[in-house]
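Listed below, chain by chain, are the residues.
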Amino acid sequence: MGSGEPNPAGKKKKYLKAALYVGDLDADVTEDMLYKKFRPAGPLRFTRICRDPVTRSPLGYGYVNFRFPADAEWALNTMNFDLINGKPFRLMWSQPDDRLRKSGVGNIFIKNLDKSIDNRGLFYLFSAFGNILSCKVVCDDNGSKGYAYVHFDSLAAANRAIWHMNGVRLNNRQVYVGRFKFPEERAAEVRTRDRATFTNVFVKNLGDDMNDEKLKELFSEYGQIESVKVVRDASGKSKGFGFVKYETHEAAQKAVLELHGKSMDGKVLYVGRAQKKIERLAELRRRFERLRLKEKSRPPGVPIYIKNLDESIDDEKLKEEFSSFGSISRAKVMMEVGQGKGFGVVCFSSFEEATKAVDEMNGRLVGSKALHVTLGQVRRRW
């Protein structure tokens, strides 16, 4: 590929024999346009534009499947960054097994790029160091955002690129070239470094009457303050949180130790190191993944929710009370310190069974209390 180093016979990777990924496509590009563009390179099996499964709108990429690998390789080497509908497209081997991409091996990150460097320029700058699987300059509506990714087919090629290109001046800008790091890894590095040096403090659970002056007065006892800010909504009302920036790390650390958990105006203050954006995003990803796994572990069924349960009702008793209405996949009384919290959930195998249980059990006396039974929202997995 390009001017990359030669491979021994039989060692070149064909990720899906003769299929190419085509990226950065204009929204109006169709399968027929792809076919006409790539047919001169050799016989095709099919072309495909990938679309949103719900709206059917194009996602900006597709695939071209040749009959012969040699034709696909010729197209990759000679047609990359050609135009369709006036917009350059990116080509790379289709990779049905995305473990290589997810592993990060051979992937590098480039920043401080001049805005004049596009995908084509990036490809030819880095192809001298090895075979490139993909390369992309990250852009928005205003053009290049000044950073990019290049994925080589080997760690050795990535290391060569880093060794030769890191610190080099391209169009009078000194670029940084380094190993690609997943967001979680970068967030962990930021967190470790920041814990030893932070000067910015985040405060929440502030009272409605808290303003910048009062916040500064509260925190100035622990050191010299550069700035304070109580965050407010559009109407000027406090949103209950703010930031205090100290001149030294020692002052910030002391404020956290002394004020975190302190009661003020009937509220318990949270005071901690202000997190960088990358840390917050990593935490949101972790939280989403936990929710996804929790959702995945839910048993199938149509849920009904029961409130006002008698303290004597446990899981088995709850299941027994509702078993006459159909097949139950789950019956659970919510507990706290070994005691029922007064509500629970029962999952039936069908919507009809669940609605029948709601109709007949809502208001029924079980134990010493009348039940309040409602139909739960049927989740995607249910």
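Quick notes on the rules
- Residues numbered from 1 in each chain as written.
- Predicted model: local features only at pLDDT ≥ 70, side-chain atom pairs only at ≥ 80, totals over all residues.
- Heavy atoms only, no water.
- UniProt positions renumbered as here; feature names shortened; annotations may be inferred.
- Core = buried A, V, L, I, M, F, W, Y, C linked by side-chain atoms within 4.5 Å.
- Buried < 20%, exposed > 50% of the residue type's maximum accessible area, 1.4 Å probe, protein only.
- Helix = DSSP H or I, 4+ residues; strand = E, 2+ residues; numbered from the N terminus.
- Contact = heavy atoms within 4.5 Å.
- Pairing = 2+ DSSP bridges.
- Axes fitted to C-alpha atoms, helices over the stretch in contact; angles between N-to-C directions.
- Phe/Tyr/Trp six-rings, centres within 6.5 Å; stacked < 30°, edge-to-face > 60°.
- Lys NZ or Arg CZ within 6 Å of the ring centre and 35° of its normal.
- Arc of directions from axis to C-beta.
- Polar contact = N/O pair within 3.5 Å; in protein donor to acceptor, adjacent residues only side chain to side chain.
- Patch = residues over 30% accessible without salt bridge, like charges linked within 9 Å, V, L, I, M, F, W, Y side chains within 5 Å.
- Areas by Shrake-Rupley, 256 points an atom, 1.4 Å probe, with all protein chains shown as cover.
- Salt bridge = Lys/Arg side-chain N within 4 Å of Asp/Glu carboxyl O.
- Lys, Arg positive; Asp, Glu negative; His and termini not counted.
- Charge placed at Lys NZ, Arg CZ, Asp CG, Glu CD.

- An unreviewed UniProt entry lists the chain under the name Polyadenylate-binding protein 5, with Heterocephalus glaber given as the organism.
- Among the UniProt annotations of the chain, the heading Subcellular location (unreviewed entry) holds the following wording: "Cytoplasm".
- Under the Function (unreviewed entry) heading, UniProt states for the chain: "Binds the poly(A) tail of mRNA. May be involved in cytoplasmic regulatory processes of mRNA metabolism. Can probably bind to cytoplasmic RNA sequences other than poly(A) in vivo."

Some words on the nonpolar core
1) Next: Counting residues in each nonpolar core, the largest one holds 23 residues, and the members touching the most others are I108, I110, L122, F126, V150 and F152.
2) Next: If you list the elements that add at least two residues to this core, you get β7 (107-111), α4 (119-126), β8 (132-140), β9 (143-152) and α5 (155-165).
3) Next: Tallying contributions element by element places α5 first for this core, with five residues.
4) Next: Excluding its chain neighbours within four sequence positions, the residues that come into contact with I110 are L122, F126, G146, Y147, A148, Y149, V150, V175, Y176 and V177.
5) Next: Within the second largest apolar cluster, 22 residues are counted, among which are F198, M210, V244 and Y246.

Things to note about the sheet that holds strand β6 (residues 90-93)
Through backbone hydrogen bonds, the strands of a sheet pair up, either in parallel or in antiparallel fashion.
1) Next: One open sheet holds the four strands; their spatial order is β2-β3-β1-β6, and the pairing between them is antiparallel. Bordering the open sheet on either side are β2 (44-51) and β6, each of which pairs with just one other strand. Strand-to-strand twist across the sheet, computed as the mean angle between neighbouring axes with direction ignored, equals 20°.
2) Next: Across four bridges, the pairing between strand β1 (residues 19-23) and strand β3 (residues 58-66) is antiparallel. Each bridged residue has a counterpart across the sheet, and for V22 the counterpart in β3 is G62.

Section: the packing of aromatic side chains
1) Next: By the definition in use, this model includes 17 aromatic pairs.
2) Next: Between F123 and Y124, the ring centres sit 5.3 Å apart and the planes meet at 90°, which makes this aromatic pair edge-to-face.
3) Next: Classification of F123 by relative accessible area gives buried; the value is 6%.
4) Next: Ring plane angle 75° and centroid distance 5.8 Å describe the contact between Y149 and F180, whose orientation is recorded as edge-to-face. In this pair, Y149 sits in strand β9 while F180 sits in the loop between β12 (176-179) and α6 (183-195), placing the two residues 31 residues apart along the sequence.
5) Next: You can call F180 buried: its relative accessible area is 14%.
6) Next: The residue whose ring lies beneath K111 is Y176, and the NZ or CZ to ring-centre distance is 5.3 Å.
7) Next: We note K204 situated over the ring of Y270; from NZ or CZ to the ring centre the distance is 5.1 Å.

Brief notes about unusual backbone geometry
1) Next: Positive phi, normally seen in glycine, also occurs at F81, with a value near 75°.
2) Next: By the element assignment, F81 lies in the loop between α2 (69-79) and β4 (83-84).
3) Next: Among the residues examined, F81 registers a relative accessible area of 3% and is labelled buried.
4) Next: In this structure, N171 is a non-glycine residue whose phi angle is positive, near 55°.
5) Next: By secondary structure assignment, the location of N171 is in the loop between β10 (169-170) and β11 (173-174).

Comments concerning the side chain of T199
1) Next: As for its placement among the helices and strands, T199 is situated in the loop between α6 and β13 (200-204).
2) Next: In this structure T199 touches V244, K245, Y246, E247, T248, H249 and A252, once residues within four positions along its chain are discounted.

Some thoughts on the sheet that holds strand β20 (residues 328-336)
1) Next: Here four strands make up an open sheet; going across it, the order is β20-β21-β19-β24 and the pairing antiparallel. Only two strands of the sheet have a single neighbouring strand rather than two, namely β20 and β24 (372-375). Taken over all neighbouring pairs, the strand axes of this sheet differ in orientation by 20° on average, direction set aside.
2) Next: Sheet topology places strand β19 (residues 302-307) next to β24; four bridges connect them, and they run antiparallel. Each residue of the ladder has a partner; that of Y305, found in β24, is T374.
3) Next: Strands β19, β20, β21 (339-348) and β24 of the sheet are contacted by helix α10 (residues 315-322), whose axis makes an angle of about 140° with β20.
4) Next: Contacts from helix α11 (residues 351-361) reach β19, β21 and β24, with the element oriented near 155° to β24.

Here's the deal with α4
Count 3.6 residues to each turn of an α-helix, and residues three or four apart come out pointing the same way.
1) Next: Listed as buried for α4 are N119, L122, F123 and F126. Down the axis, α4 shows its buried residues gathered within 100° of arc, on one side only.
2) Next: Two to three positions downstream of the cap, the backbone nitrogen of R120 sits 3.3 Å from a side-chain oxygen, assigning the N-cap of α4 to D118.

Describing a positive patch on the surface
1) Next: Taken together, K17, R39, R45 and R67 make up a surface patch of like positive charges.
2) Next: As for its placement among the helices and strands, R67 is situated in the loop between β3 and α2.

Some points on the pattern of salt bridges
1) Next: Evaluation of the coordinates by the stated rule reveals nine salt bridges.
2) Next: In this structure, K332 and D315 form a salt bridge, with 4.0 Å as the shortest nitrogen-oxygen distance. Of this pair, K332 sits in strand β20 while D315 sits in helix α10, and the two are 17 residues apart along the sequence.
3) Next: Relative accessible area serves as the criterion here: at 32%, K332 is assigned to the partly exposed category.
4) Next: On the basis of relative accessible area, D315 is assigned to the partly exposed category, the value being 28%.
5) Next: Ionic contacts of the salt-bridge type, sharing partners, join the residues D24, R90 and K136 into one network.

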